[in-house]
Amino acid sequence: MRILRKPLGFSRRLLQVGWCHPNESLSALTRKTLVPRRRKTPSIFGLDQRQRFSIMPEVEASMRDTGLFSPPSDVRGMTKLDRTAFKKTVSIPVLRVRKEVINRLMKALKRVALQRPGIKRVIEDPENEDRRLVMLDPYKVLTVDSFEKAELSVLEELDVNPQLSEYNLELTYENFKSEEILKAVLPEGQDVTSGFSRVGHIAHLNLRDHQLPFKHLIGQVMIDKNPGLTSAVNKTSNIDNTYRNFQMEVLSGEENMLTKVRENNYTYEFDFSKVYWNPRLSTEHSRITDLLNPGDVLFDVFAGVGPFAIPAARKNCTVFANDLNPESHKWLLHNCKLNKVDQKVKVFNMDGKDFLQGPVREELKLRLGLSTEAKPSIHIVMNLPARAIEFLSVFKSLLNGKPCSSELLPIVHCYCFSKDANPAQDACQQAGAVLGIPLEASSSVHLVRNVAPNKEMLCITFQIPATTLYKNQALSVENSEEPSLKRQRTDNDSFSESQITSDS
Ligand SMILES: C[S@@+](CC[C@H](N)C(=O)[O-])C[C@H]1O[C@@H](n2cnc3c(N)ncnc32)[C@H](O)[C@@H]1O
C-alpha cells in the first residue's frame, strides 16, 4: 500500500480509485493488486463538480491508525463547547452503482459500508442521476482486494463495477461519537470514560478530578449525543446522607430534576435531587418481587419511591411501605396512585426502627396469631445496605407469647455491603452478630452488584427463628453468644454507628 499522495485539504470531492476495464472480469481483478491509473473525469459538471473526483491512491497501512475519524486536533483543551470547530474533510472510498441495485447491494455490503452517526451511506452521484455513491469504510476497504469473496460475487451478480472512487466527505460535530469528541478534547492519554446512569431525562455522571475542568462540555456532549437526555448532572459527594440522595451539580441542560422513569413495566415519578433512585437495581427489584405470591404480605422498611412495594402490590400482595425521607414518602404515595395500587399499599413516613416496632409488630401479632387455612408468606425487605444490618436487632424479642408455626415466620431480605475477601460469609457474620445466632446454615446470600473496587452489595435472606422473634425464647442463645459478636452487637434501643459505611 502507498501513502495517499493527495495533500490534505485537496479540494476534489470524489476521486476514482483504480479502474476496471469493461472486459476485465471481476475475479481477474481480485487476483492482482490494483495499480491505480489517473483518469480524466468527464467534464459534464463544470469545474466545481469535476473537482470532486480523482484517482484514489492506495493508502498505506500506517495511515489507517492516524485517526481519520478523530475531530481536528485544535479542539484539544476546549472547555466551552464550540461545535463549529469540529469540521473536517476526510477521503473515503465509494462505489458508483446503478440506483436499481442499491437495496440488494447494501444487504451484501453491510460489513464494509461506512457507519458514522448522521452520515447517509448512499448518496446521489453528482455525475449521473441514475447512479448512487455507496460510502465505504476506509478502515475496511482500500482496494478491490479488500472485498470478501461473497461480497465480490454479489457485485458481479449485480453487474457492479468494483472500481473504487474517492469521495471527500465533510464531517461535522454531528458525525462524531461522544467518545471521539471527548478523546480529542481532554488531555492526551487521559481516561475519557463517558459512562453515566440514565434517570429519565437526566444523565447522572460521576466525573473524575482530571475531567472536572471539562465538566460543562462533557455534560453538553452527553445531552447532544443521547436522544431524550436534556440535563446532565455530576455527583459532588458520596451518598452518605440519611436519605441516600445525591449532592449534585447541574453541568448542562435544564435544572429541572423532576423526572419520570420506567422500570420493569412500572412508572415512577420523583425529584431526583431529593430522593434515592438507582437504575442499576432494577434486576434486584424484580428478583425479590418474583419471590412473592398473590396474598403474601410485604413490609418494605426503606421503601424509597416504591420499586419493591408497587410491583408487589400489583401482584396482589398486601404491602406496608415506609421511608423516613418526607420527599420519598410523598413520591411513594404519588407512584402508588400513578400505578393504580394506592388501595393495596399502606404508606408510612417513620424511622425504620419505629416502623418495625410499631406497625410491623402490630400486623405480625395479628397475622401470626390467625389460624386460617391460607398461609401467606410474610416478607420484610430492608434495602439500606449501609445500615440495614443494625436494624435487625429490632427483631429480637419483638413478639410475646406462644410462637407461631414455623412456616409463618417472617422472611427477611436484608441488604449490606462487604469489603471482605469472602463477602457472602461476611454478610452472614454481620447479620448473625447482630441477631446473636449463626446464620451460615439457615440463610442464602445473593450478590447484588459490585459498587466499588473490592466492595460488594449483598442481600442476605433468612427466616427469623422463633427463638429470636419471641420473648423469653432466646435466653439460651444469648448465653452461648461469642464475646466478639457481643461487642459488635447493639441492643434494640441504641444503634451502633460502627458499621456505617458510605454508598458509592
Ligand atoms: C438505598 S435506598 C433504597 C430505596 C428503595 N428501596 C430502592 O430500592 O430504590 C434507602 C432508603 O431508605 C431511606 N432511609 C434512610 N434511613 C432511614 C431510616 N432510618 N428509616 C427509614 N428509612 C430510611 C432513604 O430515604 C432511602 O429512600
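Our subject in this report is the structure included herewith.

What counts, and at which threshold
Counting restarts for each chain: residues are numbered from 1 in the order of the written sequence. Side-chain atom pairs in this predicted model are given and counted only at pLDDT of 80 or more, local residue features only at pLDDT of at least 70, and totals for whole chains, interfaces and linings cover all residues. Hydrogens and waters are ignored; side-chain quantities use all the structure's heavy atoms. Two strands qualify as a pair provided that DSSP identifies no fewer than 2 bridges between them. Runs of E in the DSSP output that reach at least two residues are strands. Runs of H or I that reach at least four are helices, and both are numbered from the N terminus. Interaxial angles span 0 to 180 degrees and are taken between N-to-C directions of axes, which are lines fitted to C-alpha atoms, for helices over the stretch in contact. Within this scheme, the nonpolar core is defined by two criteria: the residues are buried Ala, Val, Leu, Ile, Met, Phe, Trp, Tyr or Cys, and they are joined through side-chain atoms within 4.5 Å. Per-residue accessibility, obtained with a 1.4 Å probe over protein chains only, is compared with the maximum for each type, and a residue is labelled buried under 20%, exposed over 50%, and partly exposed between these values. Throughout, a contact is declared for two residues whenever any of their heavy atoms are within 4.5 Å. Any two rings among Phe, Tyr and Trp, with Trp reduced to its six-membered ring, count as a pair given centres within 6.5 Å; such a pair is stacked if its planes are under 30 degrees apart, edge-to-face if over 60, and tilted if neither.

1. What to know about the sheet that holds strand S6 (residues 197-199)
1) Next: The sheet built from four strands is open, its strands ordered S6-S7-S8-S9 with mixed pairing. A strand with exactly one partner marks an edge of an open sheet, and here the two such strands are S6 and strand S9 (248-253). With strand direction ignored, the average angle separating the axes of adjacent strands in the sheet is 30°.
2) Next: As defined by bridge partners, strand S7 (residues 202-205) adjoins strand S8 (residues 231-235) across four bridges and the pair is classed as parallel. Counted as the bridge partner of Leu-205 is Asn-234 from S8.

2. Re the sheet that holds strand S17 (residues 443-452)
1) Next: Strand order in the open sheet made by the seven strands is S14-S13-S12-S15-S16-S18-S17, with mixed pairing throughout. Each end of this open sheet is capped by a strand with a single partner; those strands are strand S14 (345-348) and S17. Strand after strand, the sheet turns through a mean of 15° between neighbouring axes, direction not considered.
2) Next: Pairing of strand S12 (residues 297-300) with strand S15 (residues 378-382) involves four bridges; the strand directions are parallel. Residue pairing in the sheet places Leu-298 in a bridge with His-379 of S15.

3. Things to note about the nonpolar core
1) Next: Formed by 43 residues in total, the largest nonpolar core has its most connected members in Phe-299, Leu-356, Leu-368, Met-382, Leu-392, Phe-395 and Val-412.
2) Next: The set of elements that each furnish at least two residues to this core consists of S12, helix H10 (352-369), S15, helix H11 (388-391), strand S16 (411-418), helix H12 (423-435), strand S18 (455-463) and helix H13 (466-469).
3) Next: In this structure, Leu-356 is in contact with Val-301, Arg-361, Ile-380, Met-382, Phe-391, Val-394, Phe-395 and Leu-398, ignoring residues within four places of it in sequence.

4. What about the pairing of S15?
1) Next: Burial within S15 is extensive, with five of its five residues counted as buried.
2) Next: Of the two faces of S15, both are covered, the one formed by Ile-378, Ile-380 and Met-382 as well as the one formed by His-379 and Val-381.
3) Next: Relative to S16, S15 runs parallel, the two being bridged by four bridges. The residue bridging Met-382 from the neighbouring strand is Cys-414, located in S16.

5. Quick notes on the environment of Asp-191
1) Next: Examined against the element boundaries, Asp-191 turns out to sit in the loop between helix H5 (178-185) and S6.
2) Next: Residues Asp-191 and Gln-211 lie 20 residues apart in sequence; the distance between their C-alpha atoms is 8.5 Å.
3) Next: The residues touching Asp-191, leaving out its near neighbours within four places in the chain, are Leu-186, Arg-208, His-210 and Gln-211.

6. As for the packing of aromatic side chains
1) Next: Throughout the structure, instances matching the rule amount to nine aromatic pairs.
2) Next: Taking the centre distance of 6.3 Å and the plane angle of 35° together, the rings of Phe-308 and Tyr-415 count as tilted. One end of the pair, Phe-308, is in the loop between S12 and helix H8 (309-314); the other, Tyr-415, is in strand S16, with 107 residues separating them in the sequence.
3) Next: Residue classification places Phe-308 among the buried positions, given a relative accessible area of 2%.
4) Next: An angle of 50° between the planes, with centres 5.3 Å apart, marks the rings of Phe-348 and Phe-355 as tilted. Each member of the pair Phe-348 and Phe-355 is classed as buried.

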